[in-house]
Amino acid sequence: MTKVSPFLTFSGTCGEAIALYTKALNAKITFKSHYSDTKDPKCQDESKKHYIYHAQLKIGKNIIMMCDDSSDKLSDGMELRQSEVCLCAEFATPNEVKAAYDIMSENATIIEPFSSASYSKSFVFLEDKFGIRWWLMTAE
């Protein structure tokens, strides 16, 4: 079953947002890693080692995902917004991610091509033909 959650992106203030949401909304941190925890070359800027690479908060029965982006531009040159809300569709398998991508990629802009990370075996980030930004990913 596919699960859709909001995905919040920040420009260096994700940690502050996590602190606010845990206090105000009684959110529980279910996953959090920093840029310093990853081997991703684009995350090795010493001044940004405290940035959040990926976090998940549980608020009641809901999950929100969060991260800091390390630049003003995304990989394809698209402008990074100061903070934004995207949607994240989580699938059980990489094949399901690929199937959704095959449908949604028509007239879409691919922001981050297929990759993997410590939090997902397969993910892709795109802006659909309606201007909505989506993370399509496996849940692990």
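Up top you'll find the structure we're talking about.
Everything in this summary refers to the structure shown in the same document. (Residues numbered from 1 in each chain as written. Predicted model: local features only at pLDDT ≥ 70, side-chain atom pairs only at ≥ 80, totals over all residues. Heavy atoms only, no water.)

We now examine the side chain of S33. Inspection of the secondary structure assignment puts S33 in strand β2 (residues 28-34). Not counting chain neighbours up to four residues away, the residues in contact with S33 comprise Y51, I52, Y53 and H54. (Helix = DSSP H or I, 4+ residues; strand = E, 2+ residues; numbered from the N terminus. Contact = heavy atoms within 4.5 Å.)

Helix length check: helix α1 (residues 14-25) (12 residues) gives 16 Å between terminal C-alpha atoms against 16 Å at 1.5 Å per residue, within 8%. In the segment just after α1, N26 is the residue with positive phi, at about 55°. (Expected span 1.5 Å × (residues − 1).)

Pairing is mixed across the open sheet formed by eight strands, whose spatial order is β2-β3-β4-β1-β5-β8-β7-β6. Of all strands in the sheet, those bounded by a partner on one side alone are β2 and β6 (109-117). Taking each pair of neighbouring strands and ignoring which way they run, the sheet shows an average axis angle of 20°. Two strands pair when backbone bridges link them, and strand β1 (residues 3-10) and strand β4 (residues 62-68) are joined in this way by four bridges, in the parallel orientation. In the sheet register, F7 faces β4, and the bridge partner there is M65. (Pairing = 2+ DSSP bridges. Axes fitted to C-alpha atoms, helices over the stretch in contact; angles between N-to-C directions.)

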